[in-house]
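# Examination of the molecular architecture
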Amino acid sequence: VFLMWLGEQIDEKGIGNGISLLIMAGILAQMPRALYELIRNMKTELTGLSRGQIGIETLVLLVVLFVGVVFGVVFITLGQRKIPTQSAKFTRGRRVYGGTRQHLPLRINQAGVMPIIFASSLLMIPGLLIGGMAGFFESGSFLFNAFTRVSLTLNDQASFVYNFIYVVLIFFFCYFWTAITFNPKEMSDNLRDSGTFIPGYRPGKRTTDYLEKVMVRITYVGAAFLSVVAIVPTIVYGSLGVPYAIAGFYGGTGLLIAVSVAFDLVQKIDSHLVMRNYRGLLEGAGGGTSPVV
């Protein structure tokens, strides 16, 4: 209750989304512990004493991989598919208005972090149900062993079956969430009512079909990106022998939430600076801060 009240106070002061900032703070608060685990498990090659399984080469690889993952998350989070639009010309008296060229931005990662949350939550149910069904059979029997093996496989984050089902669920929920939040017919009607059209496509059904086709294609890219981000911690944990407390910062919901909330906070601060006639933090925000796909 106190955290909810604190989040509301942050909202009222106009700093940003208070609950999201508290969640991001909780995620980043685990970073000192992860760094401590990383240092504790490093090999002290100068003294010849081995504290763990992480060497200098592995540490360099982890740093490079972390920078690459963060760069990819930022790029896809800000990535947009800009569809060119043009407003119709109309005449008032002797002046001609309209005819300007603009663009309609469509986010690549339209669903955000929700598909990973839904997929990870839903993936817990089969393992629990099958593990519970094993209790109805005699211990040591064939059915008991079969249900137990299936339950362990579905709960093992390093198994191929678990990650395959995980990726399939992420793709499903990406398209499901995008279908709920993105309405191409409503967007097409708004363009038509405002006197704007997409060059080469008639207003109405053809514009709606075009927007839906573009969103299906870019959602595939966004779903593939979310799938890679979701399984990167498992790959780092299994292949490099890194503790999961460290590997968790290389992807998953934590990294996506931290990056999204950080950009939202910067945009909030930038808007306050611009309102008070200061130079904004995001110079050229209307032109080129978001990568174009």
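Residues numbered from 1 in each chain as written. Predicted model: local features only at pLDDT ≥ 70, side-chain atom pairs only at ≥ 80, totals over all residues. Heavy atoms only, no water.

## So, the overall build of the chain
Helices and strands together make up the secondary structure of the chain, namely eleven helices and seven strands. Counting across all 293 residues of the chain, residues that qualify as buried make up 33%. Summarising the internal contacts of the chain: among those between residues at least 6 apart in sequence, 59% fall at separations of at least 24. When the accessible surface of the chain is split by element, carbon and sulfur atoms take 65% of a total near 18,200 Å². (Helix = DSSP H or I, 4+ residues; strand = E, 2+ residues; numbered from the N terminus. Buried < 20%, exposed > 50% of the residue type's maximum accessible area, 1.4 Å probe, protein only. Contact = heavy atoms within 4.5 Å. Areas by Shrake-Rupley, 256 points an atom, 1.4 Å probe, with all protein chains shown as cover.)

## So, the packing of aromatic side chains
Throughout the structure, instances matching the rule amount to eleven aromatic pairs. Considering the side-chain rings of Y201 and Y210, the 4.2 Å spacing of their centres and the 25° angle between planes classify their relative orientation as stacked. Relative accessible area serves as the criterion here: at 25%, Y201 is assigned to the partly exposed category. By the ring-pair criterion, three or more aromatic residues cluster together here, those being F118, F172, F173, F176 and W177. (Phe/Tyr/Trp six-rings, centres within 6.5 Å; stacked < 30°, edge-to-face > 60°.)

## Let's talk about helix α3 (residues 31-40)
Structurally, the α-helix is built with 3.6 residues per turn, so residues lying three or four positions apart point the same way. Within α3, burial applies to A34, E37 and L38. Down the axis of α3, the buried side of the element spans an arc of 100°, and every buried residue falls inside it. Along α3, the residues that are exposed and aim more than 90 degrees away from the buried face are P32, R33, Y36 and I39. Check the buried side of α3 and you find it contacts α4 (56-78) and α10 (244-247). (Arc of directions from axis to C-beta.)

## Quick look at the pattern of salt bridges
According to the stated counting rule, one finds three salt bridges in the structure shown. Across the pair D189 and R192 runs a salt bridge, and its minimum N-O distance is 3.2 Å. Remark: R192 and D189 occur in helix α8 (residues 184-193); sequence separation between them is three residues, near one turn of the helix. Owing to a relative accessible area of 44%, R192 belongs among the partly exposed residues under this scheme. Across the salt bridge formed by D209 and K205, the nearest N and O atoms sit 2.9 Å from each other. Remark: K205 and D209 occur in helix α9 (residues 205-239); sequence separation between them is four residues, near one turn of the helix. (Salt bridge = Lys/Arg side-chain N within 4 Å of Asp/Glu carboxyl O.)

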